[in-house]
Amino acid sequence: MVEDIKDPEHPYSLEQLNVVTEDSIELNDELSHVRVTFTPTVEHCSMATVIGLCLRVKLIRSLPPRYKVDIRVAPGSHATEAAVNKQLNDKERVAAALENPNLLDMVEECLSPTFD
């Protein structure tokens, strides 16, 4: 479901870059909960929040509305891990970010189905 999301800076998918792996996705249908833990390519990745937004938007669009989506940076993989995690899991911050046309365009581009 998220393996074909494109990286915002590289011409590869998040899966090809090992940002997201099958093992990093936890789905609990009984509790209607999904958690994706992603690993940015570098510790100071400036696109970590955008990658997390892409994951969140893709899951929200793909899963039934009863699911709670939790997006996390892998522990120890990013210099500002706590801040990124807080931002990605705060509904108001996510909504505000997605109201930014430039950011929304970037997310849509990462979610578009084909590589150029």
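Residues numbered from 1 in each chain as written. Predicted model: local features only at pLDDT ≥ 70, side-chain atom pairs only at ≥ 80, totals over all residues. Heavy atoms only, no water.

**A short note on empty space enclosed by the protein**
The condition is simple: Cavity: a set of points on a 1 Å grid over the protein atoms alone where a 1.4 Å probe fits but cannot get out. Pocket: an open set with protein on both sides within 12 Å along at least five of seven lines, its lining residues, like those of a cavity, having an atom within 4 Å of a point. Grid points are joined across faces, edges and corners, and a volume is the space filled by probe spheres set on the points. Asp, Glu, Lys and Arg are counted as charged, while Ala, Val, Leu, Ile, Met, Phe, Trp, Tyr, Cys and Pro are counted as nonpolar; the rest, among them Gly, fall into the polar class.
In total, this model carries 1 cavity of 30 Å³ or more according to the counting rule given. One number sums up the size of the largest cavity: a volume of about 30 Å³. Lining the largest cavity we find Asp7, Pro8, Glu9, His10, Thr41, Cys45, Met47 and Ile51. Within the lining of the largest cavity, the residues separate by chemical class into 4 nonpolar, 2 polar and 2 charged.

**Notes on the pairing of strand β1 (residues 25-28)**
Let me state the cut-off plainly: Note: two strands are recorded as paired if DSSP finds a minimum of 2 bridges between them. To qualify as a helix, a DSSP run of H or I must reach at least 4 residues; to qualify as a strand, a run of E must reach at least 2; elements of each kind are numbered from the N terminus.
Where β1 meets strand β2 (residues 33-38), 4 bridges bridge the pair, whose relative direction is antiparallel. The residue of β2 that forms the bridge with Ile25 is Val36. What sits between the antiparallel neighbours β1 and β2 is a turn of 4 residues, in which Ser32 has the positive phi angle 55°.

**Some remarks on the side chain of Asp7**
Defined as follows: We call a residue buried when its accessible area falls under 20% of the maximum for its residue type, exposed when it is over 50%, and partly exposed in between, using a 1.4 Å probe and counting protein chains only. Under the counting rule used here, the positive set is Lys and Arg, the negative set is Asp and Glu, and His together with the chain ends is not counted. A pair is scored as a salt bridge if a Lys or Arg side-chain nitrogen falls within 4 Å of a carboxyl oxygen belonging to Asp or Glu. Any pair of N or O atoms that falls within 3.5 Å is considered a polar contact. Within protein, one atom must be able to donate a hydrogen and the other to accept it, and sequence-neighbouring residues count only if both atoms are side-chain atoms.
Structurally, the position occupied by Asp7 is in the segment before β1. No salt bridge is formed by the buried Asp7. Its closest oppositely charged neighbour is Lys6, at 11 Å. Looking at Asp7, its side chain comes within polar contact range of the main-chain nitrogen of Glu9, at 2.8 Å. From its side chain, Asp7 meets the backbone nitrogen of His10 in a polar contact 2.9 Å long.

Everything listed here is a matter of geometry and, on its own, says nothing about what the molecule does.
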